[in-house]
Amino acid sequence: MDGDPKEKPGLAEFVSDMVDEGTKSRSAEKFAEEVEDLAAHLGAGASLETSNVHLNCLRETLPRRWS
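Residues numbered from 1 in each chain as written. Predicted model: local features only at pLDDT ≥ 70, side-chain atom pairs only at ≥ 80, totals over all residues. Heavy atoms only, no water.

Some points on the environment of E49
Following the sequence through the fold, E49 ends up in the loop between β1 (41-46) and β2 (51-56). Since its relative accessible area comes to 71%, E49 is described here as exposed. A C-alpha to C-alpha distance of 9.8 Å links E49 and D4, two positions 45 residues apart in sequence. (Helix = DSSP H or I, 4+ residues; strand = E, 2+ residues; numbered from the N terminus. Buried < 20%, exposed > 50% of the residue type's maximum accessible area, 1.4 Å probe, protein only.)

Overview of the pairing of β1
As paired elements, β1 and β2 share 6 bridges and run antiparallel to each other. Within the sheet, the bridge partner assigned to L42 lies in β2 and is L55. Here β1 folds back onto β2, and the loop between the two strands holds 4 residues. (Pairing = 2+ DSSP bridges.)

Remarks on unusual backbone geometry
Unlike most non-glycine residues, A39 shows phi in positive territory, near 55°. Residue position: A39 is located in the loop between α2 (28-37) and β1.

A look at the confidence of the model for the protein chain
Within the protein chain, residue pLDDT values average 86, and 90% of them lie at 70 or more. Across the protein chain, β1 holds the top mean pLDDT of 92, while helix α1 (residues 11-18) sits lowest at 90. (pLDDT = per-residue confidence, 0-100.)

Dropping the structure here:
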């Protein structure tokens, strides 16, 4: 990918794949449950020239700190 450092090929794709893999305080399963509870869809991707993260949901379902 054009945006990857030469010494780290595939970094952008790796990072986009990790978006829904959980955090230190939330397992991947817990994170998925929380996204599902919001009736939301979270996705990420990387291509040769771009990387993106998107969240589709109703504004009313987001906690106040996110909206």
